[in-house]
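One letter stands for each residue in the lines below.
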Amino acid sequence: MHISPIFTPLPSPLPQHQILSRLVWMRLVAIVAQLLVIAAVHFSMDVGLSHGAMLSLFGVIAFLGIFNLLSWWRMRFPQPAGDIELFCQLLVDVSCLSLLLYFSGGATNPFVSFYLPALAVAAAILPRRLAFVLALYSFASYSLLTYVYQPLYIHDHNRSASYHLAGMWVNFAVSAGLITWFVTRISSNLRQRDAQLASARERQLLSERIVALGAQAAGAAHEMGTPLSTIAVIAGELHHETRRNPALAPYGADLALIEQQIAVCKAALERMRVDADPAADGSSGLVDLKDWLKTSIDDWRLRYPAVNLFLSLPENDGRSANPRILGQLLLTLLDNAARAVAANNARVHVTLHIVGATALIRVEDGGTGIAPDLLPRLGYEPVAGSVDGKGIGLLLAFESARQINAEIKLASTPGAGTVAELRIALI
């Protein structure tokens, strides 16, 4: 049995590249909205913007567009954007907004509330101190714009209030849309990260349980070595005695079976020793899958000679990367199938399918099946089944399969048997 500790890496923090990408998209939306507003104001409202103010507005928007292109190019690099970089991104946005407001009426501009989306984003993605600094900077800019700005002159005073209300409506719609879109995406990422953390903790607890079981198995194997040797010596002497003592002759077959089972136990202990030191046997680790499966089945028959097992092999061949771990996985599935058919002497079918670089080993028994409430728990926690066993073998098998990027699937119908599928990658 091969058991090694598994250290599941914790999920990475909230992806900074995704945040930077969303800032780029928000900035692009803001640029398009600013251009549309300037065009609408220039062609439909007489607000008295000078040519100099118009050039300044387009200059600020052009700078913002170039900065957005550079930010998009920055996302091609693998280094994640840090808090300072994200702070600078928002600082540029707030500064450009302040300049746009300065050339278009200052604090009297209905779009002055565009400070709020940037502050909402800062509160969601930045540390408290940086978000607070940006809030102070925005507050200072807003306060300064109440005194220092280039005023707008609306000649139609009767329609100035309606213009202002329309601008406030557009400002609210765009701000609400941007804040809702960005914050909901960030919240979704946070929920996903929390789920990953919970899964990582669960895997870590499972790994600790697997390591503890492996240590107990190694200790038990070490303790069984001497008793097995003693039993083997006594069984051998008794078997030899049956040839000289006619009274013991009827027990010869039973003693031969005992010696055979002792040999199976010793072979299992030897496999554990080899798994602990894979370089001990000097093998390359690659075997022909068909030959390996056939040999493994022949060896397994010694454990359950009464089980009627049928093996079906394909025409094409394949190679397996880790036959030792696969051997333990196959042994667990076959043992479970043998115990399932022990009551009704049904047949166990083992089939090998090879498709491309993937092999599928299917173990099907004609037993009584697995209860529906137990099936989802098998392989993830110890359970008390209807046959002998607590599900620990499957627990170890599922974890060992994950180590080598293999997959075990169980399907069962009560009264109609169980199908276990082991899917592995070939070399």
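Residues numbered from 1 in each chain as written. Predicted model: local features only at pLDDT ≥ 70, side-chain atom pairs only at ≥ 80, totals over all residues. Heavy atoms only, no water.

Draft legend 1. Region of the structure containing the pattern of salt bridges. Under the criterion given, the structure shown has six salt bridges. Among the ionic pairs, Arg-27 bridges to Asp-93, the shortest N-O distance being 2.6 Å. Residue Arg-27 is located in helix α1 (residues 16–44), and its partner Asp-93 is located in helix α3 (residues 83–102); the two are separated by 66 residues in the primary sequence. Neither residue differs from the other here; Arg-27 and Asp-93 are each classed as buried. If you follow the salt bridges from partner to partner, you end up with Arg-362, Glu-364 and Glu-421 in one network. (Salt bridge = Lys/Arg side-chain N within 4 Å of Asp/Glu carboxyl O. Helix = DSSP H or I, 4+ residues; strand = E, 2+ residues; numbered from the N terminus. Buried < 20%, exposed > 50% of the residue type's maximum accessible area, 1.4 Å probe, protein only.)

Draft legend 2. View of the packing of aromatic side chains. Overall, the coordinates contain five aromatic pairs when judged by the stated rule. Judged by centre distance (6.5 Å) and plane angle (20°), the rings of Phe-63 and Phe-67 are stacked. Taken together, the residues Phe-63 and Phe-67, both in helix α2 (residues 51–74) and four residues apart, mark about one turn of the helix. The partly exposed category is assigned to Phe-63, whose relative accessible area is 46%. Take Phe-67: its relative accessible area is 18%, and that puts it in the buried class. Here the aromatic rings of Tyr-102 and Phe-103 are separated by 4.9 Å at their centres, their planes lie at 75°, and the arrangement is edge-to-face. (Phe/Tyr/Trp six-rings, centres within 6.5 Å; stacked < 30°, edge-to-face > 60°.)

Draft legend 3. Examining the environment of Ser-229 more closely. Examined against the element boundaries, Ser-229 turns out to sit in helix α6 (residues 157–242). Sequence-wise, Ser-229 and Ala-263 are 34 residues apart; in three dimensions their C-alpha atoms are separated by 9.9 Å.

Draft legend 4. Local environment of the confidence of the model for the chain. Of the residues in the chain, 76% have a pLDDT of 70 or more, and the chain-wide mean is 76. Counted against residues more than four places away or in other chains, residues 1–14, with its pLDDT under 50, gives 40 contacts. (pLDDT = per-residue confidence, 0-100. Contact = heavy atoms within 4.5 Å.)

Draft legend 5. How the structure looks around the side chain of Asp-365. For Asp-365, the location among the structural elements is in strand β5 (residues 358–365). Buried within the structure, Asp-365 lacks any salt-bridge partner; its nearest side chain of opposite charge belongs to Arg-339, at an N-O separation of 10 Å. In terms of polar contacts, Asp-365 uses its side chain to reach the backbone amide nitrogen of Gly-367, at 2.9 Å. If near-sequence neighbours (up to four positions away) are discounted, Asp-365 is found in contact with Ala-337, Ala-340, Val-341, Arg-347, Val-348, Ala-416, Gly-417 and Thr-418. (Lys, Arg positive; Asp, Glu negative; His and termini not counted. Polar contact = N/O pair within 3.5 Å; in protein donor to acceptor, adjacent residues only side chain to side chain.)

Draft legend 6. Layout of the sheet that holds strand β7 (residues 418–425). In spatial order, the strands read β2-β4-β5-β7-β6; together these five strands make up an open sheet with mixed pairing. Each of the sheet's edge strands pairs with one partner strand only, and the pair in question is β2 (308–312) and β6 (407–412). Strand-to-strand, the axes of this sheet are offset by a mean angle of 15°, without reference to chain direction. (Pairing = 2+ DSSP bridges. Axes fitted to C-alpha atoms, helices over the stretch in contact; angles between N-to-C directions.)

Draft legend 7. Geometry of the packing of α3 against helix α5 (residues 128–145). Two elements in contact, α3 and α5, have axes separated by 11 Å at closest approach and are oriented at 10°. It follows that α3 is roughly parallel to α5 by the angle criterion. Packed against α3, whose contacting residues are Asp-83, Ile-84, Phe-87, Leu-90, Leu-91, Val-94, Ser-95, Ser-98, Leu-101 and Tyr-102, the element α5 presents Leu-130, Val-133, Leu-134, Tyr-137, Ser-138, Ser-141 and Leu-145 at the interface. Here the contact of α3 with α5 is composed, by residue class, of 12 nonpolar, four polar and one charged. (Parallel < 35°, antiparallel > 145°, perpendicular 65-115°, else oblique. Nonpolar A, V, L, I, M, F, W, Y, C, P; charged D, E, K, R; others polar.)

Draft legend 8. Expanded view of a nonpolar patch on the surface. Judged by side-chain polarity, Trp-25, Leu-28, Val-32, Leu-36 and Trp-181 come together as a nonpolar surface patch covering roughly 500 Å² of accessible area. Here the element with the most residues in the nonpolar patch is α1; it accounts for four residues. Structurally, Trp-25 can be placed in helix α1. For Trp-25, a relative accessible area of 51% puts it in the exposed group. (Patch = residues over 30% accessible without salt bridge, like charges linked within 9 Å, V, L, I, M, F, W, Y side chains within 5 Å. Areas by Shrake-Rupley, 256 points an atom, 1.4 Å probe, with all protein chains shown as cover.)

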